[in-house]
Amino acid sequence: MDTAMASHGMATAAGYVHGYSEREAARLGEQADTLAALLHAGTAYPADSRVLEIGCGVGAQTIHLAQASPGARITAVDRSHASLAQARAHVAAHAPGAHVEWYRADLFDLPFPDAEFDHVFVCFVLEHLSDPQQALTALRRVLRPEGTITVIEGDHGSAFFHPASAYARATIDCQVQLQSAAGGNALIGRQLQPLLSQAGYDDVAVRPRTVYADRTRPTLVDGFTRNTFIAMVESVREDALAAGLMTADDWDRGITDLHHTAQAIGTFHYTFFKAVAVNPSTREPVHP
C-alpha cells in the first residue's frame, strides 16, 4: 500500500495510483505508525550491520527500522528529491539519533559495490513494479552472500468486512484494476514466496500479518480502517470515474458502505505478507 518506489520512474516501475499529495504523505505516516508493531515485529538488525532500505519514500518505515535497530547503519534509497527531503525531516524529528544515509538512486542502477549490504528491507514497493522478480534479482547483487532480504506487501484480495456490500467491494476492485492498468499488482502479497524463490533466494519463509479491527480496537479502526485503507481507496475516485469503472453514485455509495465497516457494528480484516529470505553463497555473478 505504500508508494515509495513508484516515484522512481524506472522502466519497470508502474505509475503511483495514489498520487503524491500532502494527504497521501500523511496517510503513509499513519499507516506506518499504526502497523509498526505488526509489520516490524521480529525485524531488528545487529549494531554496525549495513541495511539497505529500497524505496524509502517519505521515511515512514525508515523511522521504525531505525528505532528497532539503533546501532545499524541504514542506507535509504529513493528517486524522488521531494520524498527524500520529507524523509530526512521526518527521521530527524522522530529518530534524531538514527544512523541513516540518503541516496537518490534507481533500484536497477544502484551506486553501491557488489555485496555491500548485510540486509535489504523492501516494504510496499514490489506492488508498484511491473517486473518484481527482476527487481528482487537485481537486489541480490548488492546483498552479501548469506545476507537477508525482508519483503512486506499487502493483498487487497484479503480485505473482507461487515456489513457486506457489493458496492464497497467494487470500489476496492477499482483500485486493484487501476493499479494493474498502471503496471502494478495490488494482489502481490500472495506471490512473495514464488517471486523470491524464482529470483534465486534460499530459505524463503512467508508469514501472514493480519489486521482485524472492530469497536473493541478503536486505534485500528481509526488508524487502519479509516485513515489507511478507506483513505487509500478514496484517493482513486477521480481516476476510477474517468476510466468508467463505476458511476459517481455507485462509487459514493460504496465509500459510504466502507465507512460503515468502521462504525460501531462494523468489522474489517486485511492481511499483509512478510517474507524473509537468504541470498545464497555463490561465485556466479547476479544478472537482473
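Attention here is on the structure that accompanies the text. Quick caveat: nothing in here was measured; it's all calculated off a predicted structure.

A word on the overall build of the protein chain. The secondary structure content of the protein chain amounts to nine helices and eight strands. Residue pairs in contact within the protein chain that sit at least 24 positions apart in sequence constitute 81% of those at least 6 positions apart.

It is worth spelling out the pairing of strand β8 (residues 267–278) at this point. By the criterion of burial, β8 is predominantly enclosed, with 10 of the 12 residues buried. Two elements, strand β5 (residues 143–154) and β8, share seven bridges in a ladder whose sense is antiparallel. Looking across to β8, one finds that Ile152 is bridged to Lys274. Relative to β8, strand β6 (residues 160–162) is paired through three bridges, and the arrangement is antiparallel. Considered in β8, the bridge of Phe160 is made with His269. Direction of pairing for strand β7 (residues 202–213) relative to β8: antiparallel, over a ladder of 10 bridges. Considered in β8, the bridge of Thr210 is made with Thr271.

Here the focus is the nonpolar core. Core analysis: the biggest nonpolar cluster contains 42 residues, and Phe229 and Leu258 have the highest contact counts within it. In terms of residue count, the dominant contributor to this core is helix α7 (residues 218–234) (five residues).

What follows concerns the packing of aromatic side chains. Applying the stated rule across the entire model yields 11 aromatic pairs. Relative to Phe117, the ring of Phe112 lies with its centre 5.1 Å away and its plane at 90 degrees, an arrangement referred to as edge-to-face. Take Phe112 and Phe117: they sit in the same class, and that class is buried. The interplanar angle of 75 degrees and the centroid separation of 6.0 Å between the aromatic rings of Phe224 and Phe272 together place this pair among those described as edge-to-face.

What counts, and where the lines are drawn
Residues numbered from 1 in each chain as written. Predicted model: local features only at pLDDT ≥ 70, side-chain atom pairs only at ≥ 80, totals over all residues. Heavy atoms only, no water. Helix = DSSP H or I, 4+ residues; strand = E, 2+ residues; numbered from the N terminus. Contact = heavy atoms within 4.5 Å. Buried < 20%, exposed > 50% of the residue type's maximum accessible area, 1.4 Å probe, protein only. Pairing = 2+ DSSP bridges. Core = buried A, V, L, I, M, F, W, Y, C linked by side-chain atoms within 4.5 Å. Phe/Tyr/Trp six-rings, centres within 6.5 Å; stacked < 30°, edge-to-face > 60°.

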